[in-house]
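Next come the chains, spelled out residue by residue.
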Amino acid sequence: MAASLLRRAASGRGVRPAEVLRRLVSSEAAAPQGAPPRSPPEMPPFDHQPRPYAGMAGAEIFEKRKLFLGPSLFHYYQKPLNIVEGKMQYLYDEHGRRYLDCFGGIVVTVSCGHCHPDIVNAVVEQTKLLQHTTTIYLHHAIVEFAEALTSKMPGNLKVVYFVNSGTEANELAMLMARLYSGNLSMVALRNAYHGGSAGTIGLTGLQTWKYPIPQGEIHHLMNPDPYRGTFGSDAAAYAKEIEEHINYGSSGRVAGFIAETFQGVGGAVELAPGYLKLACDIVRKAGGVCIADEVQSGFGRTGSHYWGFQTQGVAPDIVTMAKGIGNGLLLGDVVTTPEIPSVLTQKIQFNTFGGNPVCSAGGLAVLKVLDKEKRQAHCADIGSHLVERLKVLQQKHEIIGDVRGRGLMLGVELVTDRKEKTPAKAETTVLFEKLKGPLEDGAVADNAGVSMLGSRWSVRARFAGKRKEGQCTEALGVARETRSQKHARQRGVLELGGVLQSQD
């Protein structure tokens, strides 16, 4: 029955999605008679009491948002959450309910925990002294931050340009590549996300983010996805496609190649091993430079390395970053070699807010916290534990087609057929709502944030607490005693939710 309801909801025949969610999530398709009652998962104790909230209610905010903000804005969950406070790995809504943030604010933006005291203090103290000035004048904060950041970079990546977002960083990197190489064509990957501006929309390889405007001279090549890609994990076969495309689909000369080592918005897809090094060798022979987009995979998130590109054994010419670099501050940057940005001196290149004192002080504090609290090792520890438990579920439930990633840059893909890899879109919607926790009947379970793209979702937390053995369990106890085949797919979805909700 569960599978039938989901298919009917997805096709729009007779059953509303809201009704499916109430019947499958709220009731959890009731276990057989005699089965022990299922208790909601419990979060570990946490020494923080949220302040009483006396502000605007979520329902009123939602109505005013529709009235005063742009219609293109979207929200998660059927009933959007009104988040009013954050502390380390937890968020609190207007009712004081606690949620485990496995989304990092929004795709890894919060890298050290919400309102980390060291970062808050650095920002507040700098704001008291000087809130804003620009690179037209001297200020110690920007050079201290730049020096600390370049100390984390390999090779000759020693020059920094500060901007305000990952989109800006990729725009600037593309400009540098074109000016330095003297070529126009850019090479990017399908399924990639590099921003939503008029320029970076061209680099992005996901139609859901692309408006019908001129994209510029951009070539999107086959994605080296080990799970869904045409050549599986054969990096050499994907690299050959780059070479052939440059030879037959371009002038033979390109400006640059840009790639995420772990495609974040595309579903935490780790590129085939060894692909980036082969790709960069081919692109450089064609006159281009190699750009590593580290907006999501940087700063130790993968656990095994500080930068995602290091997992591929490659040295890029330009690295872009944002999100986790500021722990929520408006901060992004481009790091490159001394030779490449020399081309920008032929005109005026300036950014009003890039590297302002407050953001620089906060960014420096982030780097210090990452080192002091050994966050890279922490990502490796928590991530390996979570992957281990997810793989156990994968063995039990056919709906889990793939578990992938490193550290806390993880992806899970749900399918209705493992052989055909048919996306389980309706079931993913059920899981997404289930993880939210608070339901219409008032039941409460704590949240694991999820990034969805069809049947793909990813966990990109930066948990602040230490892992406690046994807490990453199938805490929901959903239908464990149910043996009938008709409940198997639903059980897989809900047990998966249990694992995430009980992870410290």
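In case you missed it, the structure is sitting above this.
Rules of the game
Residues numbered from 1 in each chain as written. Predicted model: local features only at pLDDT ≥ 70, side-chain atom pairs only at ≥ 80, totals over all residues. Heavy atoms only, no water. Helix = DSSP H or I, 4+ residues; strand = E, 2+ residues; numbered from the N terminus. Contact = heavy atoms within 4.5 Å. Areas by Shrake-Rupley, 256 points an atom, 1.4 Å probe, with all protein chains shown as cover. Buried < 20%, exposed > 50% of the residue type's maximum accessible area, 1.4 Å probe, protein only. Pairing = 2+ DSSP bridges. Expected span 1.5 Å × (residues − 1). Arc of directions from axis to C-beta. Axes fitted to C-alpha atoms, helices over the stretch in contact; angles between N-to-C directions. Parallel < 35°, antiparallel > 145°, perpendicular 65-115°, else oblique. Left-handed = near helix turned anticlockwise from the far one by under 90°. Nonpolar A, V, L, I, M, F, W, Y, C, P; charged D, E, K, R; others polar. Lys, Arg positive; Asp, Glu negative; His and termini not counted. Salt bridge = Lys/Arg side-chain N within 4 Å of Asp/Glu carboxyl O. Polar contact = N/O pair within 3.5 Å; in protein donor to acceptor, adjacent residues only side chain to side chain. Phe/Tyr/Trp six-rings, centres within 6.5 Å; stacked < 30°, edge-to-face > 60°. Lys NZ or Arg CZ within 6 Å of the ring centre and 35° of its normal.

**Structural notes on the overall build of the chain**
Per the secondary structure count, the chain includes 14 helices and 17 strands. Taking as baseline every contact in the chain between residues at least 6 positions apart, the subset at least 24 positions apart corresponds to 73%. Split by element, the accessible area of the chain, about 22,100 Å² in all, is 55% carbon and sulfur.

**Here's the deal with the pairing of strand S5 (residues 186–189)**
Side chains of S5 alternate between two faces, with Met186 and Ala188 and Val187 and Leu189 buried alike. Sheet topology places S5 next to strand S7 (residues 256–259); two bridges connect them, and they run parallel. Note on S7: the bridge partner recorded for methionine 186 is glycine 256.

**A look at helix H6 (residues 140–150)**
All buried positions along H6 are accounted for by Ala141, Ile142, Phe145, Ala146, Ala148, Leu149 and Thr150. Along its buried surface, H6 packs onto strand S4 (159–163), strand S11 (318–321), strand S12 (332–336) and helix H11 (357–372).

**What about helix H5 (residues 117–129)?**
Spanning 13 residues, H5 covers 18 Å between terminal C-alpha atoms, matching the ideal 18 Å at 1.5 Å per step. Looking at H5, one finds that the buried residues are Ile119, Ala122, Val123 and Gln126. When H5 is viewed along its axis, its buried side chains cluster within an angular range of 95° and face the same direction. In this structure, the buried side of H5 is in contact with H6 and H11.

**Some words on unusual backbone geometry**
The residue cysteine 115 is not glycine, and still its phi comes out positive at about 55°. Relative to the elements of secondary structure, cysteine 115 occurs in the loop between helix H4 (104–108) and H5. Look at cysteine 115 and you get partly exposed, because its relative accessible area is 44%.

**Digging into the packing of H5 against H11**
Interaxial distance between H5 and H11 falls to 8 Å at its minimum, and their mutual angle equals 155°. The angle between the axes of H5 and H11 places the two elements in the roughly antiparallel class. As H5 runs across H11, the sense of the crossing is right-handed. The residues of H11 that touch H5, namely those facing Asp118, Ile119, Ala122, Val123, Gln126 and Thr127, are Pro357, Val358, Ala361, Gly362, Ala365, Val366, Val369 and Lys372. Of the residues in the contact of H5 with H11, the class split is nine nonpolar, three polar and two charged.

**Considerations on the side chain of aspartate 101**
You can see aspartate 101 is positioned in the loop between strand S3 (98–100) and H4. Of the side chains with opposite charge, arginine 301 lies nearest to the buried aspartate 101, which makes no salt bridge, at 9.0 Å. At 2.7 Å, the side chain of aspartate 101 forms a polar contact with the side chain of histidine 114.

**Re the packing of helix H9 (residues 235–249) against helix H10 (residues 275–285)**
Packing of H9 against H10 leaves a shortest axis separation of 9 Å and a crossing angle of 20°. Classified by the angle their axes make, H9 and H10 are roughly parallel. Note that H9 runs across H10; the crossing there is right-handed. Residue-level contacts link Ala235, Ala236, Tyr238, Ala239, Ile242, Glu243 and Ile246 of H9 to Tyr275, Leu278, Ala279, Ile282 and Val283 of H10. Among the residues forming the contact of H9 with H10, the class breakdown is 11 nonpolar, no polar and one charged.

**A look at the packing of aromatic side chains**
Taken as a whole, this structure holds 12 aromatic pairs when the rule is applied. Consider the rings of phenylalanine 145 and phenylalanine 162, whose centres lie 4.9 Å apart with planes at 15°: the pair is stacked. In this pair, phenylalanine 145 is assigned in helix H6 and phenylalanine 162 in strand S4, connecting sequence segments 17 residues apart. Note on phenylalanine 162: relative accessible area 8%, which makes it buried. Ring-pair connections join several aromatic residues into one group, and the members of that group are Phe231, Tyr238, Phe257 and Tyr275. The ring of tyrosine 227 carries the charged tip of lysine 421 above its face, separated from the ring centre by 4.4 Å.

**Overview of the pattern of salt bridges**
Summed over the entire model, instances satisfying the criterion amount to 15 salt bridges. For the salt bridge of glutamate 398 with arginine 418, the shortest nitrogen-to-oxygen distance reads 3.7 Å. Note that glutamate 398 is positioned in the loop between helix H12 (375–396) and strand S13 (400–406) and arginine 418 in the loop between strand S14 (409–417) and strand S15 (422–423), a separation of 20 residues in sequence. For glutamate 398, a relative accessible area of 55% puts it in the exposed group. Look at the salt bridges and you will find they share partners, linking Arg228, Asp402, Arg404 and Glu413 into a network.

**Some details on the environment of glycine 383**
Its place among the elements puts glycine 383 in helix H12. Measuring from C-alpha to C-alpha, the distance between glycine 383 and methionine 409 comes to 7.9 Å, with 26 residues separating the pair along the chain. Sequence-distant contacts of glycine 383, defined by excluding residues within four places in its chain, comprise Gly407, Leu408 and Leu410.

**A closer look at the sheet that holds strand S6 (residues 218–221)**
Picture the strands of a sheet paired through backbone hydrogen bonds; they go either parallel or antiparallel. Read across the open sheet, the seven strands follow the order S4-S12-S11-S10-S7-S5-S6; overall the sheet is mixed. Two strands lie at the open edges of the sheet, namely S4 and S6, each paired on one side alone. Sheet twist, expressed as the mean angle between neighbouring strand axes with direction ignored, is 20°. Pairing between S5 and S6: four bridges, direction parallel. Bridge pairing in S6 places methionine 186 opposite isoleucine 218. Taken strand by strand, H6 contacts S4, S11 and S12, and its axis lies near 120° from that of S4.

**Let's talk about the sheet that holds S3**
Taken together, three strands build an open sheet; the order of strands is S1-S2-S3 and the sheet is antiparallel. On the outer flanks of this sheet lie strand S1 (83–87) and S3, each paired with one strand and no other. For this sheet, the mean angle separating the axes of adjacent strands, direction not counted, is 30°. Where strand S2 (residues 90–93) meets S3, three bridges bridge the pair, whose relative direction is antiparallel. Each residue of the ladder has a partner; that of tyrosine 92, found in S3, is arginine 98.

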